[in-house]
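Here is how the chains run, residue by residue.
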Amino acid sequence: MSDRVIARLAEAIGYPDKVPDGAVEFIFRVDGMEIRAESIRDRIVLKYNLTEDEGMFTRLAEYAAGRMLKERAALAAERPDAGGLFIWQDAAADASAHDMLRLFETFCASCDWWRERVESVGGAQPQFGPDQMIMRP
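Throughout what follows, the structure given in this document is the object of discussion. (Residues numbered from 1 in each chain as written. Predicted model: local features only at pLDDT ≥ 70, side-chain atom pairs only at ≥ 80, totals over all residues. Heavy atoms only, no water.)

## Quick notes on the side chain of Arg67
- In this structure, Arg67 sits in helix α2 (residues 57-70).
- The contact partners of Arg67, leaving out residues within four places of it in the chain, are Trp113 and Trp114. (Helix = DSSP H or I, 4+ residues; strand = E, 2+ residues; numbered from the N terminus. Contact = heavy atoms within 4.5 Å.)

So, in structure tokens, the structure goes:
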């Protein structure tokens, strides 16, 4: 099942490009975004890179807790001192086609919301320091 999870997601969303057989990672290009799907053990994980500006993490983290109450997508960074910021969301690899479609739709909506925040807080000053950041699980 896990060797077809990416292909099953592509089928569920009606993605026009073919996913290579046995792919465990694939980039879906939709609405000007590149959404990376990965098959990790018994999960499918979607990731979207928000910005390479790690200085924005403290500003964007102010929204993270409230967003986690509304949706399953979460803000993360590889390391708080280097690399870009991204959002991610996962689901069971054996999710139904309907659940895969819903996962992708809700994740894309989250990406849109976070993209708007990146644009709107670009010059804003952080209201708290890096010692109060929310770290990736």
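## Considerations on the pattern of salt bridges
- Counting across every chain of the model gives 9 salt bridges.
- For Arg29, the salt bridge is made with Glu34, and the minimal N-O distance between the two is 3.2 Å.
- Residue Glu34 is classed as partly exposed on the basis of its relative accessible area of 44%.
- The salt bridge involving Arg72 is made with Asp90; its shortest N-O contact spans 3.3 Å. Taken as a pair, Arg72 in the loop between α2 and β4 (74-79) and Asp90 in strand β5 (residues 82-92) lie far apart in primary sequence, 18 residues in all.
- Residue classification places Arg72 among the exposed residues on the basis of a relative accessible area of 52%.
- Classification of Asp90 as buried rests on a relative accessible area of 16%.
- Connected through shared salt-bridge partners, Arg43, Arg72 and Asp90 make up one network. (Salt bridge = Lys/Arg side-chain N within 4 Å of Asp/Glu carboxyl O. Buried < 20%, exposed > 50% of the residue type's maximum accessible area, 1.4 Å probe, protein only.)

## A few points about α2
- With 14 residues, α2 extends 20 Å between its outermost C-alpha atoms, agreeing within 8% with the 20 Å of an ideal straight helix rising 1.5 Å per residue.
- Of the positions making up α2, those classed as buried are Phe57, Thr58, Arg59, Leu60, Ala61, Ala64 and Arg67. (Expected span 1.5 Å × (residues − 1).)

## Considering the packing of aromatic side chains
- Evaluation of the coordinates by the stated rule reveals 6 aromatic pairs.
- Measuring from centroid to centroid gives 5.6 Å for Phe28 and Phe104, while their planes differ by 70°, and the two rings are edge-to-face. In this pair, Phe28 is assigned in strand β1 (residues 25-30) and Phe104 in helix α3 (residues 97-120), connecting sequence segments 76 residues apart.
- We classify Phe28 as buried; its relative accessible area is 0%.
- Taking relative accessible area as the criterion, Phe104 reaches 6% and is therefore assigned buried.
- One aromatic cluster is present, formed by Tyr15, Phe26, Phe28 and Phe104 through successive ring pairs.
- Arg67 extends its terminal NZ or CZ atom over the ring of Trp113, reaching a point 3.9 Å from the ring centre.
- One cation-aromatic arrangement involves Arg117 over Trp113; the distance from NZ or CZ to the ring centre is 4.3 Å. (Phe/Tyr/Trp six-rings, centres within 6.5 Å; stacked < 30°, edge-to-face > 60°. Lys NZ or Arg CZ within 6 Å of the ring centre and 35° of its normal.)

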